[in-house]
Protein chains: 2
Amino acid sequence: MTHHGGGRMPQDIPRVLLVAGTTATGEISGISAAGADPGIMALTPSADAEIVAYGEPVRTDVVPVSPTGCPTPAVVTRAVRELHSFPWAVVDAGLTRPTAAGTIDVGATRGADIRNETAVERASQIRQQARGVGAGMPDDHVVLGETIPGGTTTALGVLNALGERATVSSSLPDNPLDKKRAVVDDALAASGINRGDCAGEPMQAIGAVGDPVQAATLGLIEGLVASDTTVTLAGGTQQLTTAALARHAGIEEAIEVATTTFVVDDESTAVSALASDLAVSLTVTDPGFSGSDHVALQRFAAGEAKEGVAMGGVLALADAAGVAMADVREQITAVYERICGTEAGSEAAGTTPPTGEVDSLDGP
Amino acid sequence: MTHHGGGRMPQDIPRVLLVAGTTATGEISGISAAGADPGIMALTPSADAEIVAYGEPVRTDVVPVSPTGCPTPAVVTRAVRELHSFPWAVVDAGLTRPTAAGTIDVGATRGADIRNETAVERASQIRQQARGVGAGMPDDHVVLGETIPGGTTTALGVLNALGERATVSSSLPDNPLDKKRAVVDDALAASGINRGDCAGEPMQAIGAVGDPVQAATLGLIEGLVASDTTVTLAGGTQQLTTAALARHAGIEEAIEVATTTFVVDDESTAVSALASDLAVSLTVTDPGFSGSDHVALQRFAAGEAKEGVAMGGVLALADAAGVAMADVREQITAVYERICGTEAGSEAAGTTPPTGEVDSLDGP
């Protein structure tokens, strides 16, 4: 008999932890593209986790797409995983829908609307449990990703509360920044916080105007650096915000943020300046989607989605391991067509791939 | 740049789902070896899941060993995974301690002592949620393993309730069958059930004298066979009991049980006869531990642990893929020494490897 299939578990590949959650903030109309229908917004992180885990939805039975048909960045992360199989896990930072992806519990529940007085209950407990998880990870290098609808709005809230440069990206091609700013202004007022009031008090910022993914990610970073693990934050302005929280928590160790050209090219943000403010090194990967004739890649190139679900981080991992971006692009279209059907991929941009109904067996 | 490390995700390797839970039954003195100290019994499945996931405890900080130092079968399953990296996930069927292994939620909580009137609350809901998970799995072949202290006692209860051949194995070298029978007699009496009363009523058997791992595994089997997925149950008499539950639920599809020679060689059981009763095909793998001079293998060869944590199933997977059992044995000692220290491995059988304290950060 010959040894085929599996083969030895790869050593020394950085582990990817996807921190996944939801908030009532994410359901505010018009601030996020994470799901074409506001009704499925709460499903998006659960579906994202399944797409990375299994290559398709399992319990969620829905593929998150933007209003114009741009697939969730989970499709990119899954495609990279199929080419470069990194170890990974999901941290439950407030999921509200069942997912067939295995999740690590850190005691988080759905975040509130930040326009309430309190945005995250028990944020310190989430942080503390996540710190224990981070401290125990056996790896030399861990990549932290996120998926949380409305995450750039809570990021904007936290940057303001901390007094940092308040700039955020968007999953929509035209960043609804005025809408986000209005939500954040209301949120700060509801919590009685002025810009900069939470400097040096990251938990106060999260509790007042943040989200549970921030609390979990901050705790993970603390546990990881305490055990001499290199940390890469995968994502755009949300992860720069997490880096800001870490700095305000007194973490002085090196932090890398790995993102995509889609975020850095977005003129509405000043990502590089924020990274510089925070002494964070920025790794930017260009997956070369522009000029593609496939809808899955075209919509990204047009400025949708931009980041999320660890996309920037796993693209950087693949690039560092010598995986050709042409192979990544090919695999993305393969995953997309496997999930959404061949027809969806070959149609003009703007079509909406089929999305299923929530499996009532596994309802909330 | 050359492509090193990860490499393409292997295709077509059966997925392993480890169904992990706890019961108050497992804490009855003298019925299980899953943890030297009854106080850490509840930790064992959480630690098992971490050992398979990470190769070491992460949040649990304890390596389950029998009173004489036999390591948990999780060490074997992890060793196989390092040589033949199968896709896998953990189903939470009533874990009570935090685990850093990602877990799939099916709404299960810890099972009661079967000597109460009800052993498993909401067993039907656990089964139904697990059915949804099983139905959505994208694989052609899934292997179901288990880890639940006291699982052979709840198995004995269920076999009696169903009226099947009531024989069970043990994780202890001298099977405390009289103790188990006494517990089961009390359990049946407390539920007002005579032998065979639950024939054709598997949920009644589980609810009265079973455990949540049985409810979840039954649901998974149902969902998997409904979506034309081949099912292998990895384990000994506990998994034959799950097969019995499936037969009593009306499932007529082929079911394979993959176990080890340690179970089949155990004269106190009549495993082959039970398999035959249930029209279940039995795959038995001999990992060749006898004659080893390493404590980790000696204790297995002496009849401890025998099975659990999908050990028999993953040994069969490795064997089918052409992995040499000599390589498996070498990897088991490597994992054991990595976790317990080199000294523990080279000492005479009977020593207890170091076990840590529960991380208070992550307490219940």
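Residues numbered from 1 in each chain as written. Chains lettered and ligands numbered in written order. Predicted model: local features only at pLDDT ≥ 70, side-chain atom pairs only at ≥ 80, totals over all residues. Heavy atoms only, no water.

1. Description of the overall build of chain A
Okay, so step 1: Counting secondary structure elements, chain A contains 14 helices and seven strands.
Okay, so step 2: Scored against the burial criterion, the 364 residues of chain A give a buried share of 65%.
Okay, so step 3: For chain A, long-range pairs separated by at least 24 residues make up 79% of all intrachain contacts whose partners lie at least 6 apart in sequence.
Okay, so step 4: Total accessible area on chain A stands at roughly 12,000 Å², and carbon and sulfur atoms take up 43% of it. (Helix = DSSP H or I, 4+ residues; strand = E, 2+ residues; numbered from the N terminus. Buried < 20%, exposed > 50% of the residue type's maximum accessible area, 1.4 Å probe, protein only. Contact = heavy atoms within 4.5 Å. Areas by Shrake-Rupley, 256 points an atom, 1.4 Å probe, with all protein chains shown as cover.)

2. Structural notes on the relation of the copies chain A and chain B
Two copies of a chain can be linked by a rotation about an axis combined with a shift along that same axis.
Okay, so step 1: With an RMSD of 0.0 Å, chain A superimposes on chain B once it is rotated by 180 degrees and translated 0.0 Å along the axis. Here the transformation between the copies is reduced to the relation of a two-fold axis. Relative to the rotation axis, the C-alpha of Gly102(A) is the closest in chain A, positioned 2.0 Å from it.
Okay, so step 2: Comparing contact sets, 100% of the residues at the interface of chain A also lie at the interface in chain B, consistent with an isologous, same-surface contact. (Least-squares fit on C-alpha atoms with pLDDT ≥ 70 in both.)

3. Here we look at the packing of helix 2 (residues 74-83) of chain A against helix 12 (residues 311-320) of chain A
All names here are of chain A.
Okay, so step 1: Between helix 2 and helix 12, whose axes approach to 9 Å, the crossing angle comes to 25 degrees. It follows that helix 2 is roughly parallel to helix 12 by the angle criterion. When the axes of helix 2 and helix 12 are compared, the crossing they make is left-handed. Contact with helix 2, carried on its side by Val 76, Thr 77 and Val 80, involves Met 311, Val 314, Leu 315 and Ala 318 of helix 12 and no other residues of that element. (Axes fitted to C-alpha atoms, helices over the stretch in contact; angles between N-to-C directions. Parallel < 35°, antiparallel > 145°, perpendicular 65-115°, else oblique. Left-handed = near helix turned anticlockwise from the far one by under 90°.)

4. Some details on unusual backbone geometry
Okay, so step 1: A positive phi angle, near 65 degrees, is found at Lys306(A), a position not held by glycine.
Okay, so step 2: Phi is positive for Asp228(B), close to 60 degrees, though the residue is something other than glycine.
Okay, so step 3: Of note, Asp228(B) is situated in the loop between helix 7 (212-226) and strand 5 (230-234).

5. Notes on the confidence of the model for chain A
Okay, so step 1: With 90% of its residues at a pLDDT of at least 70, chain A reaches an overall mean of 88.
Okay, so step 2: Scored by ipTM, the complex comes to 0.89, with pTM at 0.91. (pLDDT = per-residue confidence, 0-100.)

6. Remarks on the packing of helix 6 (residues 202-209) of chain B against helix 7 of chain B
Residues and elements named next belong to chain B.
Okay, so step 1: For the pair helix 6 and helix 7, the least separation of the axes is 9 Å and the interaxial angle reads 160 degrees. Judged on the interaxial angle alone, helix 7 and helix 6 are roughly antiparallel. For the pair formed by helix 6 and helix 7, the contact residues are Pro 202, Met 203 and Ile 206 on the first element and Gln 214, Ala 215 and Leu 218 on the second.
Okay, so step 2: Looking at the contact of helix 6 with helix 7 residue by residue, the class counts come to five nonpolar, one polar and no charged. (Nonpolar A, V, L, I, M, F, W, Y, C, P; charged D, E, K, R; others polar.)

7. Focus on the packing of aromatic side chains
Each pair of aromatic rings is reported with the distance of its centres and the angle of its planes.
Okay, so step 1: Enumeration according to the criterion identifies six aromatic pairs over all chains in this entry.
Okay, so step 2: Among the aromatic residues, ring-to-ring pairing joins Phe262(A), Phe289(A) and Phe300(A) into one connected group. (Phe/Tyr/Trp six-rings, centres within 6.5 Å; stacked < 30°, edge-to-face > 60°.)

8. Observations concerning helix 12 of chain A
Okay, so step 1: Counting buried residues in helix 12 of chain A gives eight out of 10 residues, a clear majority hidden from the surface.
Okay, so step 2: Once helix 12 of chain A ends, the next one or two residues include Gly322(A), with phi positive near 85 degrees.

9. Quick word on the side chain of Thr147(A)
Residue and element names in this part refer to chain A.
Okay, so step 1: By secondary structure assignment, the location of Thr 147 is in strand 4 (residues 141-147).
Okay, so step 2: In this structure the side chain of Thr 147 is engaged in a polar contact, spanning 2.8 Å, whose partner is the side chain of Asp 48.
Okay, so step 3: In this structure, Thr 147 is in contact with Leu 18, Val 19, Ala 20, Gly 21, Pro 45, Asp 48 and Val 309, ignoring residues within four places of it in sequence. (Polar contact = N/O pair within 3.5 Å; in protein donor to acceptor, adjacent residues only side chain to side chain.)

10. Notes on the side chain of Thr22(B)
All names here are of chain B.
Okay, so step 1: Tracing the chain through its elements places Thr 22 in the loop between strand 1 (15-20) and helix 1 (44-54).
Okay, so step 2: Given a relative accessible area of 2%, Thr 22 falls into the buried group.
Okay, so step 3: Of note is the side chain of Thr 22, whose polar atom sits 2.7 Å from the backbone oxygen of Gly 94.
Okay, so step 4: With sequence-adjacent residues up to four places away left out, Thr 22 is seen in contact with Ala 42, Pro 45, Ala 93, Gly 94, Thr 96, Arg 110, Gly 111, Ile 148 and Pro 212.

11. Describing the interface of chain A and chain B
Okay, so step 1: On the side of chain B, 47 residues touch chain A, which itself brings 47 residues to the contact.
Okay, so step 2: Both sides together, the interface formed by chain A and chain B hides about 3,800 Å², and carbon and sulfur atoms give 55% of it.
Okay, so step 3: At the junction of chain A with chain B, the criterion picks out zero salt bridges.
Okay, so step 4: Broken down by secondary-structure element, the contributors of at least two residues to the side of chain A that touches chain B are helix 1 (44-54), helix 2, strand 3 (103-105), helix 3 (123-136) and helix 12 of chain A.
Okay, so step 5: The element best represented in the side of chain A that touches chain B is helix 3 of chain A, accounting for five residues. (Buried area = accessible area lost by both parts, 1.4 Å probe. Salt bridge = Lys/Arg side-chain N within 4 Å of Asp/Glu carboxyl O.)

12. Description of the pattern of salt bridges
Okay, so step 1: One pass over the structure, following the stated rule, counts 17 salt bridges over all chains.
Okay, so step 2: Among the salt bridges present, the one from Arg299(A) reaches Glu304(A), with a minimum N-O distance of 2.6 Å. Comparing Arg299(A) with Glu304(A) shows no difference in burial state: the two are buried.
Okay, so step 3: Residue Asp277(B) pairs with Arg165(B) through a salt bridge whose shortest N-O separation is 2.8 Å. Of this pair, Asp277(B) sits in helix 10 (residues 271-277) while Arg165(B) is found in the loop between helix 4 (151-162) and helix 5 (177-191), placing the two residues 112 residues apart along the sequence.
Okay, so step 4: The partly exposed category is assigned to Asp277(B), whose relative accessible area is 38%.
Okay, so step 5: Owing to a relative accessible area of 37%, Arg165(B) belongs among the partly exposed residues under this scheme.

13. Concerning the environment of Ile332(B)
All names here are of chain B.
Okay, so step 1: Tracing the backbone shows Ile 332 in helix 13 (residues 325-340).
Okay, so step 2: It is 8.6 Å that separates the C-alpha atoms of Ile 332 and Thr 77, two residues lying 255 residues apart in sequence.
Okay, so step 3: In this structure, Ile 332 is in contact with Val 75, Val 76, Ala 79, Phe 289 and Leu 297, ignoring residues within four places of it in sequence.

14. Regarding the environment of Ile31(B)
Residues and elements named next belong to chain B.
Okay, so step 1: Within the secondary structure layout, Ile 31 lies in the loop between strand 1 and helix 1.
Okay, so step 2: Residue classification places Ile 31 among the buried residues on the basis of a relative accessible area of 1%.
Okay, so step 3: Placed 140 residues apart in sequence, Ile 31 and Ser 171 show a C-alpha to C-alpha distance of 8.5 Å.
Okay, so step 4: Other than its neighbours up to four places away in sequence, Ile 31 contacts Thr 25, Gly 26, Gly 150, Thr 153, Leu 172, Pro 176, Lys 179 and Lys 180.

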